[in-house]
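Close look at the chain arrangement
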Amino acid sequence: MAVPKRKMSRSNTRSRRANWKATVVTTTTCPQCKALMQPHIACPSCGTYKGRHYGVAERTEHQG
Ligand SMILES: [Zn+2]
(Lines give C-alpha, C1' and ligand atoms only; values in the text may rest on other atoms or scores of the structure.)
Protein backbone atom coordinates (compact mmCIF):
# COMPACT_ATOMS: atom_id res chain seq x y z
CA MET A 1 0.00 0.00 0.00
CA ALA A 2 1.27 3.48 -0.86
CA VAL A 3 2.15 5.57 2.16
CA PRO A 4 2.90 9.33 2.05
CA LYS A 5 6.59 10.04 2.62
CA ARG A 6 6.20 13.44 4.23
CA LYS A 7 3.63 15.25 6.29
CA MET A 8 1.39 17.37 4.09
CA SER A 9 1.57 21.09 4.92
CA ARG A 10 -1.43 22.81 6.41
CA SER A 11 -1.57 25.02 3.32
CA ASN A 12 -1.71 22.00 0.99
CA THR A 13 -4.39 20.32 3.09
CA ARG A 14 -6.48 23.49 3.18
CA SER A 15 -6.13 24.21 -0.54
CA ARG A 16 -7.28 20.66 -1.32
CA ARG A 17 -10.25 20.97 1.00
CA ALA A 18 -11.13 24.39 -0.45
CA ASN A 19 -11.97 22.69 -3.76
CA TRP A 20 -14.33 20.18 -2.15
CA LYS A 21 -17.74 21.80 -2.59
CA ALA A 22 -21.34 20.73 -2.55
CA THR A 23 -22.90 20.56 -6.02
CA VAL A 24 -26.24 21.96 -7.01
CA VAL A 25 -28.81 19.21 -7.63
CA THR A 26 -29.65 19.06 -11.34
CA THR A 27 -33.33 18.95 -12.11
CA THR A 28 -35.38 18.23 -15.20
CA THR A 29 -39.07 18.77 -15.83
CA CYS A 30 -41.40 15.79 -15.76
CA PRO A 31 -42.92 15.05 -19.20
CA GLN A 32 -46.15 13.98 -17.48
CA CYS A 33 -46.91 16.73 -14.95
CA LYS A 34 -44.17 19.36 -15.73
CA ALA A 35 -42.97 19.33 -12.12
CA LEU A 36 -39.25 19.61 -11.25
CA MET A 37 -37.62 16.22 -10.76
CA GLN A 38 -34.17 14.66 -10.62
CA PRO A 39 -33.06 12.78 -13.75
CA HIS A 40 -33.04 8.94 -13.69
CA ILE A 41 -35.45 8.96 -10.73
CA ALA A 42 -39.22 8.49 -10.79
CA CYS A 43 -41.14 11.80 -10.56
CA PRO A 44 -41.89 12.65 -6.89
CA SER A 45 -45.22 14.32 -7.70
CA CYS A 46 -46.81 11.84 -10.16
CA GLY A 47 -44.53 8.78 -9.83
CA THR A 48 -43.95 8.36 -13.56
CA TYR A 49 -40.67 7.03 -14.97
CA LYS A 50 -40.02 5.86 -18.56
CA GLY A 51 -43.74 5.82 -19.35
CA ARG A 52 -44.56 3.65 -16.35
CA HIS A 53 -46.25 4.64 -13.10
CA TYR A 54 -44.65 3.82 -9.77
CA GLY A 55 -46.97 4.54 -6.87
CA VAL A 56 -44.29 4.11 -4.19
CA ALA A 57 -42.28 7.01 -5.68
CA GLU A 58 -45.13 9.47 -5.14
CA ARG A 59 -44.60 11.82 -2.24
CA THR A 60 -47.57 11.51 0.06
CA GLU A 61 -46.46 13.99 2.72
CA HIS A 62 -46.03 17.76 2.03
CA GLN A 63 -49.18 17.76 -0.10
CA GLY A 64 -52.46 19.62 0.21
ZN1 LIG B 1 -44.54 13.96 -12.85
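An unreviewed UniProt entry lists the protein chain under the name Large ribosomal subunit protein bL32, with Phycicoccus duodecadis given as the organism.

From N to C terminus, the protein chain includes one helix and four strands. Along the protein chain, helices (α) and strands (β) appear in the sequence α-β-β-β-β when read from the amino end. Over its C-alpha trace the protein chain gives a radius of gyration of 21 Å, far above what one expects of a compact globule, namely 11 Å for 64 residues. A buried classification covers 12% of the 64 residues belonging to the protein chain. Within the protein chain, counting contacts between residues at least 6 apart in sequence, those at least 24 apart form 0% of the total. Accessible surface, the protein chain: about 6300 Å² in total, of which carbon and sulfur atoms supply 55%.

Ligation of the zinc ion by protein atoms is provided by Cys 30 (SG), Cys 33 (SG), Cys 43 (SG) and Cys 46 (SG), these donors lying 2.2 to 2.3 Å from the ion. Bound by four donor atoms, the zinc ion shows angles of 107 to 112 degrees at the metal and therefore tetrahedral coordination geometry.

Conventions used here
- Residues numbered from 1 in each chain as written.
- Predicted model: local features only at pLDDT ≥ 70, side-chain atom pairs only at ≥ 80, totals over all residues.
- Heavy atoms only, no water.
- Helix = DSSP H or I, 4+ residues; strand = E, 2+ residues; numbered from the N terminus.
- Rg over C-alpha atoms; globule rule 2.2 N^0.38 Å.
- Buried < 20%, exposed > 50% of the residue type's maximum accessible area, 1.4 Å probe, protein only.
- Contact = heavy atoms within 4.5 Å.
- Areas by Shrake-Rupley, 256 points an atom, 1.4 Å probe, with all protein chains shown as cover.
- Donors = N, O, S within 2.8 Å, 3.2 Å for Na, K, Ca; no water.
- Tetrahedral: all angles 85-135°; square planar, octahedral: opposite > 155°, others 65-115°.

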